[in-house]
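What the coordinates show
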Amino acid sequence: MLDQPILRVPVLLLLLWFIGVPRGVAQEVAPSFDSRVKEAQQLLKAQKFGEALPILRALTEARPGRKDLVFLKGLTALQVSQRRNVPAAAREALLDEAIASFRTMLIDQPGLVRVRLELARAFFYKGEDGLSREHFERVLAGNPPGPVVANVRQFLLRIRARRRWSMYLGFAAAPDTNIGGASDERFIYIYGLPFRRDAESLTKSGIGLSVWGGGEYQHPLGDRVRLRLGMNASRNEYSGGEFDRMLVALHAGPRVFVGRTTQFSILGDWRHQWNANDPNYFDLGGRVTAGHRFTRRLTVNGSASWHDRRYRTRKFLDGPVRNFSLGAGWVLTPTIRLHATAGYGRDRPLSLRYRNKSTWFETGVSVALPKGFTVGTNGGIRWTDYEAPWFPHTAEDEDRKDRTYSLRASVHNRALTFFGFSPEVSLIHEVRKTNAQLYDYKRTGGELRFVRQF
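Conventions used here
- Residues numbered from 1 in each chain as written.
- Predicted model: local features only at pLDDT ≥ 70, side-chain atom pairs only at ≥ 80, totals over all residues.
- Heavy atoms only, no water.
- Axes fitted to C-alpha atoms, helices over the stretch in contact; angles between N-to-C directions.
- Helix = DSSP H or I, 4+ residues; strand = E, 2+ residues; numbered from the N terminus.
- Parallel < 35°, antiparallel > 145°, perpendicular 65-115°, else oblique.
- Left-handed = near helix turned anticlockwise from the far one by under 90°.
- Contact = heavy atoms within 4.5 Å.
- Nonpolar A, V, L, I, M, F, W, Y, C, P; charged D, E, K, R; others polar.
- Patch = residues over 30% accessible without salt bridge, like charges linked within 9 Å, V, L, I, M, F, W, Y side chains within 5 Å.
- Areas by Shrake-Rupley, 256 points an atom, 1.4 Å probe, with all protein chains shown as cover.
- Salt bridge = Lys/Arg side-chain N within 4 Å of Asp/Glu carboxyl O.
- Core = buried A, V, L, I, M, F, W, Y, C linked by side-chain atoms within 4.5 Å.
- Buried < 20%, exposed > 50% of the residue type's maximum accessible area, 1.4 Å probe, protein only.
- Expected span 1.5 Å × (residues − 1).
- Polar contact = N/O pair within 3.5 Å; in protein donor to acceptor, adjacent residues only side chain to side chain.
- pLDDT = per-residue confidence, 0-100.
- Phe/Tyr/Trp six-rings, centres within 6.5 Å; stacked < 30°, edge-to-face > 60°.
- Lys NZ or Arg CZ within 6 Å of the ring centre and 35° of its normal.

1. Overview of the packing of helix 6 (residues 113-126) against helix 8 (residues 146-162)
The interhelical angle for the contact between helix 6 and helix 8, taken along N-to-C directions, is 25°, at an axis separation of 12 Å. Comparing their axes, helix 8 and helix 6 come out roughly parallel. Crossing of helix 6 over helix 8 shows left-handed handedness. For the pair helix 6 and helix 8, contact is made by Leu117, Arg121, Phe124 and Tyr125 and by Val148, Val152, Phe155, Arg158, Ile159 and Arg162, respectively. In the contact of helix 6 with helix 8, the residues fall into seven nonpolar, no polar and three charged.

2. A word on a nonpolar patch on the surface
On the surface, Leu369, Phe373, Val375, Val411, Val425 and Leu448 cluster together into a nonpolar patch covering about 420 Å² of accessible area. Along the chain, the position of leucine 448 falls in strand 16 (residues 441-453).

3. Re the nonpolar core
Membership of the largest hydrophobic core comes to 45 residues, with the highest contact counts inside it found for Phe136 and Val152. Of all elements in the fold, only helix 2 (31-45), helix 3 (49-62), helix 4 (67-81), helix 5 (88-108), helix 6, helix 7 (129-140) and helix 8 reach the threshold of two or more residues within this core. No other element matches helix 6, which puts nine residues into this core. If sequence neighbours within four positions are ignored, phenylalanine 136 has contacts with Leu117, Ala120, Arg121, Phe124, Val152, Phe155, Leu156 and Ile159.

4. Some details on the pattern of salt bridges
Applying the stated criterion across every chain, the model contains 28 salt bridges. Arginine 36 serves as the salt-bridge partner of glutamate 39, at 3.0 Å between the closest nitrogen and oxygen. Of this pair, glutamate 39 and arginine 36 both sit in helix 2, separated by three residues, roughly a single helical turn. Overall, the relative accessible area of 35% leaves glutamate 39 in the partly exposed class. Here arginine 337 ties to glutamate 137 by a salt bridge, and the two come within 3.2 Å at their closest N and O atoms. Note that arginine 337 is positioned in strand 11 (residues 336-347) and glutamate 137 in helix 7, a separation of 200 residues in sequence. When salt bridges with common partners are traced through the structure, they connect Glu92, Asp96, Lys126 and Glu128 into a single cluster.

5. Side note on helix 7
Taking 1.5 Å of rise per residue, 12 residues should cover 16 Å, and helix 7 covers 16 Å from first to last C-alpha, within 8% of that figure. Taken together, the buried positions of helix 7 are Asp129, Ser132, His135, Phe136, Glu137, Arg138, Val139 and Leu140. As for helix 7, its buried residues are in contact with helix 6, helix 8, strand 8 (278-293), strand 10 (319-333), strand 11 and strand 12 (356-368).

6. A word on the side chain of glutamine 82
Structurally, the position occupied by glutamine 82 is in the loop between helix 4 and helix 5. Separated by 3.0 Å, the side chains of glutamine 82 and serine 81 make a polar contact.

7. Here's the deal with the confidence of the model for the protein
In the predicted model, the protein carries a mean pLDDT of 87, and the fraction of residues at 70 or more is 91%. Considering only residues more than four positions removed or in separate chains, one finds that residues 1-31, a stretch of pLDDT under 50, has 60 contacts.

8. Describing the packing of aromatic side chains
Evaluated as defined, the whole model comprises 13 aromatic pairs. With a centroid separation of 5.0 Å and an interplanar angle of 45°, the aromatic rings of tryptophan 165 and tyrosine 217 are classed as tilted. Linking tryptophan 165 in strand 1 (residues 165-176) with tyrosine 217 in strand 4 (residues 206-220), this pair joins segments that are 52 residues apart in sequence. The class for tyrosine 217 is partly exposed, based on a relative accessible area of 24%. With centroids separated by 5.2 Å and ring planes inclined at 15°, the aromatic side chains of phenylalanine 171 and phenylalanine 450 adopt a geometry described as stacked. Of this pair, phenylalanine 171 sits in strand 1 while phenylalanine 450 sits in strand 16, and the two are 279 residues apart along the sequence. Since its relative accessible area comes to 38%, phenylalanine 171 is described here as partly exposed. The ring of tryptophan 390 carries arginine 353 above its face, with NZ or CZ at 4.1 Å from the centroid. When the ring centre of tryptophan 390 is taken as origin, the NZ or CZ atom of arginine 400, which lies over that ring, is 4.5 Å away.

Written out as structure tokens, the structure is:
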């Protein structure tokens, strides 16, 4: 791999840009220790990485606070891992050692661009393309030197060209103050007369368990075309089974790369959804997705979908469902990401009462902080207008109109992993305001999530 011109990072560039002492980590050391440091540096300048690595391991074990040596150890392990005669198991161990070294530094100082670059390279060589791409994009947001920019872009092209399998898996414990999104109104008024609701129709709280996962394989059909085959599934369970939900989805279709920065996919979709463990509806249709990278920091994505929805029992809800969305992601700095999405949807079931159109907007930010913490927040609003009155919930001549507001805050620590799963704690609050009696609600929930990307 190192002998490929596209991937090789010049030794001079390594010495001038990568091998530097991060600010604030220099310490007074004993002469014997200092001589060993100089010996390791001389070996690195001579590209004798195999001889330098044991010395650096001993030095970092003796002085774990010397972050400059931790960096050099990670860089050296990465270089050794790419030798042609290194067995696969040893290469994997060396890459894990390099990743651990770079992560240790970024936990305390997430703004170190040169360290993040080496972490991205280590993930690339390990085949973890999703993580590699994420860190390369953050590197570009740090305004690195021109040769590094060119090198990063070549890595991103290689990631795009070789991508085959991608999988994810997650699970969560999710307490919720209003599982079914029910109104807490005690009475409904019809022609001014009050009618008391049944107690079982009011809000219910509980703790649910969620699990989700999926995967996709992309088979090459040419230099610029891939065939995408994928599956996704999710399940939510609560005590009693009344609020259990499950979804299984399949998709297939071509992905076309128009250029280095533009791609689109045309996919056929099939989806099956269950409520309370009983089949609810089937979707059959398709969608078009597209993405374009405008600058190093800005990426725009869009999608349009149409599905024919068929219910098992509630046939009056059968009909087409259409959705359109446009989103943007902006890597403001190596430690700050912004995103925003706007969308429009329309449901046209057989029943005029349930026909509606929706418009929504969502935005959010995530920030990597020192000590390994990452915090994020997302907020959104959805406007849903129905095309008919909802008497007796609305006046006889008044169409139903909903406004739904949501806010989510999350935090996780990058230093914590359990068998490859990273925990995240989230708090979610949602409010629906409507002119239809018994369809407004408030709910507050939380999640303890564990997610892993493969």
